[in-house]
Amino acid sequence: MNDQSWMSRFFKELSLRITQAKQRSRPFFPNIWEKNHTENAAATENTALRFLEQYHCSLFAQQTQLQTSDNTAIFPLKRRSAELILKQVNVYYLPNRLESLLPYCDPFTAVATFLNALNLSYETLIQDPQKQQLCQSIFKELMAIDESHNLETSTINEFPLYEGARTHNLEEFKTTAFAFKRALDIIELLEQRQPRHYQKQQHQLAQFWHQKSNQELEKIVQRLTQ
């Protein structure tokens, strides 16, 4: 009996200590869970990327995320597919920069990636006719740039152009697009005239054109065309 009584008190005290320990550790559990949840989410994302890379490469051996396709016969079909995708949301232009994505991925991914750069998506365009009109207007501005300049041979920083489009303020974007075209004009004029240190001027303008006002750019054009 004494042994049973001692064992009973022992297990009762042990149970009490375990309960107290759990209560003391409760404030730390949310932090631990949150950290583990974040790590698991990151691990899932990495797995998704590995999955995409592995199965994309196995299905399209010549078309990977790292290497353009050598099979030019398939490219017109992909370009036409991208045009038809845009047509479904009432957009009827295919900018060269969007077209340049097609060798690296399927048309749906290429269009979705380009729309994302403009702070748009398939869902937004399907549901909002005003966004469709905005997207069409932005694409027209980009096409005007494509028609007047060959960006494939230029090293100009394009990202400020798309950052300007992401605000969805069309008038401000047109101002940014004009500055972009003017910067390209100046880079070409510098190449033609080749003044002293012109290459350094080209590099500076190519990287930081968006930091200059349109008035400053116009003055540079006037100086180079006199």
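Note that the coordinates shown come from a computational prediction; the quantities given were computed from them, not determined experimentally.

Rules of the game
Residues numbered from 1 in each chain as written. Predicted model: local features only at pLDDT ≥ 70, side-chain atom pairs only at ≥ 80, totals over all residues. Heavy atoms only, no water. Helix = DSSP H or I, 4+ residues; strand = E, 2+ residues; numbered from the N terminus. Contact = heavy atoms within 4.5 Å. Phe/Tyr/Trp six-rings, centres within 6.5 Å; stacked < 30°, edge-to-face > 60°. Buried < 20%, exposed > 50% of the residue type's maximum accessible area, 1.4 Å probe, protein only.

Asks: Explanation requested: the environment of C135 in the structure shown.
Replies: Secondary-structure assignment places C135 in helix α7 (residues 129-148). Along the backbone, C135 and N90 are 45 residues apart, and their C-alpha atoms lie at a distance of 9.2 Å. Those residues in contact with C135 that lie beyond four places of it in its chain are V91, L115, L120 and L125.

Asks: Help me understand the packing of aromatic side chains, please; the structure alone is not making it clear to me.
Replies: Any aromatic ring pair is given by two values, namely how distant the centres are and how the planes are angled relative to each other. Tallying each qualifying case throughout the model produces four aromatic pairs. Centre to centre, the rings of F114 and F139 are 5.6 Å apart; their planes meet at 80°, and the pair counts as edge-to-face. Highlighted residues: F114 in helix α5 (residues 107-117) and F139 in helix α7, separated in sequence by 25 residues. Between the aromatic rings of F180 and W209, the centroid separation amounts to 5.1 Å while the plane-to-plane angle is 70°, which identifies the pairing as edge-to-face. Here F180 is found in helix α9 (residues 170-193), whereas its partner W209 is found in the loop between α10 (198-208) and α11 (214-225), with 29 residues between them in sequence. Residues F180 and W209 agree in their burial class; the two are buried.

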